[in-house]
Amino acid sequence: MKTIIFLLLIAHATFAQTNEPVAFTTTEGIELGGTLSLPKDLSRPVPVVLLIAGSGSTDRDCNSGSQLKSNAYAMLADSLNRMGVAVLRYDKRGSGKNIPAVVKQLKPENHRFDFYVNDAVGFIKQLQADKRFNKVFVAGHSEGSLVGMLAARQTNASGFISLAGAGRNIADILKVQLGRGQSPEVQRYVNVRLDSLRAGQRVQSVTPGLMSIMNPATQPAMISWMKYDPAVEIGQFKGPVLIIQGKRDVQVAVSEAELLQKARPDAQIAYFDLMNHILKEAPEAFMANIQTYTEPSRPIVKGVADSIADFVKKK
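Everything in this summary refers to the structure shown in the same document. If you're wondering where the values come from, they're calculated on a predicted model, not measured in any experiment. (Residues numbered from 1 in each chain as written. Predicted model: local features only at pLDDT ≥ 70, side-chain atom pairs only at ≥ 80, totals over all residues. Heavy atoms only, no water.)

**Considering the side chain of lysine 280**
Here is step 1: Among the secondary structure elements, lysine 280 is positioned in the loop between β10 (268–272) and α12 (286–291).
Here is step 2: Among the polar contacts made by the side chain of lysine 280, one reaches the main-chain carbonyl oxygen of serine 70 at a distance of 2.5 Å.
Here is step 3: Once you skip the residues sitting within four places of it in the chain, lysine 280 turns out to touch Ser70, Ala72, Met75, Leu274, Met275, Glu295, Pro296, Arg298, Pro299, Ile300 and Val301. (Helix = DSSP H or I, 4+ residues; strand = E, 2+ residues; numbered from the N terminus. Polar contact = N/O pair within 3.5 Å; in protein donor to acceptor, adjacent residues only side chain to side chain. Contact = heavy atoms within 4.5 Å.)

Set out below in structure tokens:
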């Protein structure tokens with residue numbers, strides 16, 4: 001028994017995670033901090049994955065205030081490190097430690113979706129210049145999936161991984177979300193205004209209930225986001241693609257992954273029956289599912305890291 005335990009400790013040490021601080025400075029002078037997690041054995045170049053966070057103020061670890069305490073990205077990085085894959089994850093604009101700087105220097109009306117893409121491109125180029133890595137892959141989670149596929153194409157990345165990414169334009173997704181349980185009249189009201197934004201036209205009249213999505217100050221940002229259709233953009237990326245989707249995701253339906261695969265028939269796809277939106281095994285019931293978002297010690301579904309490691313090592 002002592003011999004077995006000793007061998008397990010040796011195996012654990014071989015792939016133990018080490019972290020390096022990294023940073024990228026935006027065109028506005030805002031520093032975005034990140035963590036580069038490395039496998040211990042760097043005697044030869046290894047593949048590296050840039051992990052891009054989802055919507056809102058989600059930080060490098062997949063945490064955001066009291067509503068999201070998952071540590072999912074940190075767990076994924078740790079698992080990949082143990083499989084010989086490096087991971088760079090970072091606090092995107094408006095998350096983690098850069099929130100005060102973004103609030104101070106960037107007015108909401110000046111924000112554009114492409115800023116997220118430009119920041120990801122900056123980190124990718126840093127990784128491509130690092131001789132410790134032989135291949136640079138881009139993995140985007142949720143909203144970060146669209147960011148990632150755009151950045152991967154601009155930098156000719158080694159491959160792209162969509163984690164719970166949408167396959168439709170955000171305007172179409174919002175029509176469903178905002179119209180759920182509403183009368184036909186309210187649904188039409190919502191649809192007309194979303195269609196206007198998608199066409200690049202600002203909306204002048206908005207009810208208080210829609211202000212969080214259609215605030216006059218943030219409409220230019222929404223318009224810039226609605227320019228992109230994920231099912232179109234993923235087809236523009238010429239490198240290999242892996243699509244990962246949980247069947248218990250209450251935010252992004254399986255049909256979204258199917259749309260991405262339809263646009264890229266050559267893509268690999270991996271479904272996980274018990275996985276929710278934050279990559280964790282979760283109950284099917286909605287409230288119990290959401291409860292896992294504030295359980296930071298709950299592990300991610302093991303097969304996710306396995307799928308990614310297989311993908312980046314084979315390509």
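Next comes the rest of the account.
**Structural notes on the packing of helix α2 (residues 72–81) against helix α13 (residues 302–314)**
Here is step 1: The contact between α2 and α13 brings their axes to 9 Å, and the two run at 55 degrees. The pairing of α2 with α13 is recorded here as oblique in orientation. Crossing hand, α2 versus α13: right-handed. Side by side, α2 and α13 meet where Leu76, Ser79 and Leu80 of the first sit next to Val304, Ala305, Ile308 and Ala309 of the second.
Here is step 2: Grouping the amino acids of the contact of α2 with α13 by side-chain chemistry returns six nonpolar, one polar and no charged. (Axes fitted to C-alpha atoms, helices over the stretch in contact; angles between N-to-C directions. Parallel < 35°, antiparallel > 145°, perpendicular 65-115°, else oblique. Left-handed = near helix turned anticlockwise from the far one by under 90°. Nonpolar A, V, L, I, M, F, W, Y, C, P; charged D, E, K, R; others polar.)

**Brief notes about a nonpolar patch on the surface**
Here is step 1: Together, Val250, Phe286 and Met287 line one region of the surface with nonpolar side chains, adding up to about 310 Å² of accessible area.
Here is step 2: Summarising the element assignment, methionine 287 is placed in helix α12. (Patch = residues over 30% accessible without salt bridge, like charges linked within 9 Å, V, L, I, M, F, W, Y side chains within 5 Å. Areas by Shrake-Rupley, 256 points an atom, 1.4 Å probe, with all protein chains shown as cover. Salt bridge = Lys/Arg side-chain N within 4 Å of Asp/Glu carboxyl O.)

**Regarding the packing of aromatic side chains**
Two descriptors summarise a pair of aromatic rings, namely the distance from one centre to the other and the angle between the planes of the rings.
Here is step 1: Under the defined criterion, the tally for this structure stands at six aromatic pairs.
Here is step 2: On the basis of an interplanar angle of 90 degrees and a centroid distance of 6.1 Å, the ring pair of phenylalanine 113 and tyrosine 116 is categorised as edge-to-face. You can see phenylalanine 113 and its partner tyrosine 116 sitting in helix α4 (residues 113–128), three residues apart, about one turn around the helix.
Here is step 3: Ring-pair connections join several aromatic residues into one group, and the members of that group are Phe113, Tyr116, Trp225 and Tyr228.
Here is step 4: Here lysine 92 stacks its cationic end above the ring of tyrosine 116, 4.8 Å away from the centre of that ring. (Phe/Tyr/Trp six-rings, centres within 6.5 Å; stacked < 30°, edge-to-face > 60°. Lys NZ or Arg CZ within 6 Å of the ring centre and 35° of its normal.)

**Quick word on the sheet that holds strand β8 (residues 159–163)**
Here is step 1: As summarised here, the arrangement of the eight strands in space is β1-β2-β6-β3-β7-β8-β9-β10, forming an open sheet in which the pairing is mixed. Strand pairing shows two members of the sheet lacking a second neighbour, β1 (18–25) and β10, which therefore form its edges. Strand-to-strand twist of the sheet, defined as the mean angle between neighbouring strand axes without regard to direction, takes the value 20 degrees.
Here is step 2: In this sheet, strand β6 (residues 86–90) lies alongside strand β2 (residues 31–38) in antiparallel orientation, the contact comprising four bridges. Opposite leucine 36, over in β6, you have leucine 88 as the bridge partner.
Here is step 3: Packed on one face of the sheet, helix α5 (residues 143–155) meets β3 (46–52), β7 (133–141) and β8 and runs near 145 degrees to β7.
Here is step 4: Across the face of the sheet, α13 comes into contact with β3, β7, β8, β9 (241–246) and β10 while running at roughly 175 degrees to β9. (Pairing = 2+ DSSP bridges.)

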